Amino acid sequence: MQQSDVDAVLNRPLSQELLARDLARLAYTALDGTPRAIPIAICWNGSQIVMCTSTNALKLPALRRNPAVALTIDTESHPPKILLVRGRVELDVVDGIPDEYLQFNGTYEMTPEQRVEWEAGVRSLYDGMVRIVLTPAWAKLIDFETTLPTAVEELMRRQEERQRA
């Protein structure tokens, strides 16, 4: 997929809405070769999706070995709105708490007092974190109104051909 095509998908209003969500599902290949899909908080910076994790997270050795990942961001309503993204991640070890970690945890419902307490707890727990930075190389938006899963599009095309015959 050309970068301009990826950008066109990611710049659609619905994609931007999904990229503003806090939670996604990250898929990667574990060290034992089996697939993993985990919920993870995200932060879109306009060109990359940033996720953060502890420096001792089990996913890090796997991502170092094979940085190819897939990410799904979706809604819970019907019909679902789904943004699928693929690419490679870069791992960036940082001292302290990355700004993105504090940003993407900022939309959960917390009182100002709870927010202060939560942030103090985070700062006391982590000496450093790892930023997992995904640069999208492929993207597809499925809204079940203007776009459908590829397999469903194919079935509909076949159905139309049968009806014309």
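Our structure is the block above this text.
A brief structural summary. (Residues numbered from 1 in each chain as written. Predicted model: local features only at pLDDT ≥ 70, side-chain atom pairs only at ≥ 80, totals over all residues. Heavy atoms only, no water.)

## Side note on the pattern of salt bridges
Tallied over the entire structure, the rule returns eleven salt bridges. A salt bridge links Arg 36 to Asp 32, with the nearest nitrogen and oxygen atoms 3.7 Å apart. As a salt-bridge pair, Glu 119 and Arg 115 come within 4.0 Å of each other at their nearest N and O atoms. Taken together, the positions of Glu 119 and Arg 115, both in helix H5 (residues 112-125) and four residues apart, correspond to about one turn of that helix. (Salt bridge = Lys/Arg side-chain N within 4 Å of Asp/Glu carboxyl O. Helix = DSSP H or I, 4+ residues; strand = E, 2+ residues; numbered from the N terminus.)

## Focus on the environment of Asn 11
Turning to its location among the elements, Asn 11 is positioned in the loop between helix H1 (3-10) and helix H2 (13-19). With 35 residues separating them in the primary sequence, Asn 11 and Gly 46 have C-alpha atoms 9.0 Å apart.

## Brief notes about the side chain of Thr 53
Along the polypeptide, Thr 53 turns up in strand E4 (residues 49-54). At 3.1 Å, the side chain of Thr 53 forms a polar contact with the side chain of Lys 59. The contacts of Thr 53, once residues within four sequence positions are left out, are Lys 59, Leu 60, Met 129, Val 130 and Ile 132. (Polar contact = N/O pair within 3.5 Å; in protein donor to acceptor, adjacent residues only side chain to side chain. Contact = heavy atoms within 4.5 Å.)

## A closer look at the pairing of strand E2 (residues 35-41)
Relative to E2, strand E1 (residues 23-29) is paired through seven bridges, and the arrangement is antiparallel. Bridge pairing in E2 links Leu 26 to Ile 38. Between E1 and the antiparallel strand that follows it, E2, lie five residues; Gly 33 among them carries a positive phi value of about 90°. (Pairing = 2+ DSSP bridges.)

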